[in-house]
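Coordinate inspection notes
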Amino acid sequence: VQLVESGGGLVQPGGSLRLSCAASGFTFSSYGMSWYRQAPGKERELVARINNFGGAITNYADSVKGRFTISRDNDKNTVYLQMNSLKPEDTAVYYCNLKLGRNDYWGQGTQVTVSS
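A few points on the structure.

Cut-off values and rules
- Residues numbered from 1 in each chain as written.
- Predicted model: local features only at pLDDT ≥ 70, side-chain atom pairs only at ≥ 80, totals over all residues.
- Heavy atoms only, no water.
- Helix = DSSP H or I, 4+ residues; strand = E, 2+ residues; numbered from the N terminus.
- Rg over C-alpha atoms; globule rule 2.2 N^0.38 Å.
- Contact = heavy atoms within 4.5 Å.
- Areas by Shrake-Rupley, 256 points an atom, 1.4 Å probe, with all protein chains shown as cover.
- Lys, Arg positive; Asp, Glu negative; His and termini not counted.
- Charge placed at Lys NZ, Arg CZ, Asp CG, Glu CD.
- Phe/Tyr/Trp six-rings, centres within 6.5 Å; stacked < 30°, edge-to-face > 60°.
- Buried < 20%, exposed > 50% of the residue type's maximum accessible area, 1.4 Å probe, protein only.
- Salt bridge = Lys/Arg side-chain N within 4 Å of Asp/Glu carboxyl O.
- Pairing = 2+ DSSP bridges.
- Axes fitted to C-alpha atoms, helices over the stretch in contact; angles between N-to-C directions.

1. Quick look at the overall build of the protein
Looking only at helices and strands, one finds zero helices and 11 strands in the protein. Reading the secondary structure of the protein in the N-to-C direction produces β-β-β-β-β-β-β-β-β-β-β. Scaling as 2.2 N^0.38, a compact globule of 116 residues should have a C-alpha radius of gyration of about 13 Å, and the protein matches this with 13 Å. For the protein, the spread of C-alpha atoms along the principal axes amounts to about 40 × 25 × 25 Å. Taking the contacts inside the protein whose residues are at least 6 apart along the sequence as the reference set, 51% of them involve residues at least 24 apart. Carbon and sulfur atoms form 45% of the exposed surface of the protein, whose accessible area is close to 6,200 Å². Put simply, the protein has 12 plus and 9 minus side-chain charges, and the middle of one group is 2 Å from the middle of the other.

And the structure:
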């Protein structure tokens, strides 16, 4: 299993970013995928989750509802996180996550910094 995140960067408050997570090594469409984030000095927290196959079921942390959208492209084996109306408190390293059996798989993370 390999998960590779990209798309992070520095953005001003109110701006947008789209994160991508390219997955390989497993049957991507068969598994739900998640995005987590970890801010300095804080525990890693779940941001958004999307179910397998068509991805019709999504769940979000209360702090990002209405601003973030998770989606997936099974043809490209990629899960996305569209982040709009970004706030300084969204600053964190964002990680893609796969739960496969008893195992948790993580990407290397991508830094998102929201600052003026």
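What follows continues from the structure just given.
2. With respect to the packing of aromatic side chains
Ring pairs (aromatic) are described by centroid distance and by the angle formed between their planes. Per the counting criterion, the structure on display carries four aromatic pairs. Aromatic side chains F26 and F28 sit 6.2 Å apart centroid to centroid with 50° between the ring planes, which places their arrangement in the tilted category. Measuring from ring centre to ring centre gives 5.0 Å for Y36 and W106, while their planes differ by 75°; the resulting arrangement is edge-to-face. With a gap of 70 residues between them, Y36 in strand β4 (residues 33–38) and W106 in strand β10 (residues 103–106) connect regions that are remote in the sequence. Since its relative accessible area comes to 12%, Y36 is described here as buried.

3. Considerations on the pattern of salt bridges
All chains considered together, the criterion is met by five salt bridges. The partner of K65 in a salt bridge is D62, with the nearest N and O atoms 3.1 Å apart. For D62, a relative accessible area of 65% puts it in the exposed group. Each of R37, E45, R67 and D90 takes part in salt bridges that share partners, so that together they form one network.

4. Here we look at the sheet that holds strand β8 (residues 78–83)
Ordered in space as β1-β3-β8-β7, the four strands form an open sheet in which the pairing is antiparallel. What marks the edges here is a single partner per strand, and that holds for β1 (2–6) and β7 (68–73). Put simply, the sheet's adjacent strands are angled 15° from each other on average, direction ignored. Bridge analysis of strand β3 (residues 17–24) against β8 gives six bridges, and the strand direction is antiparallel. Along β8, the bridge assignment pairs L17 with M83.

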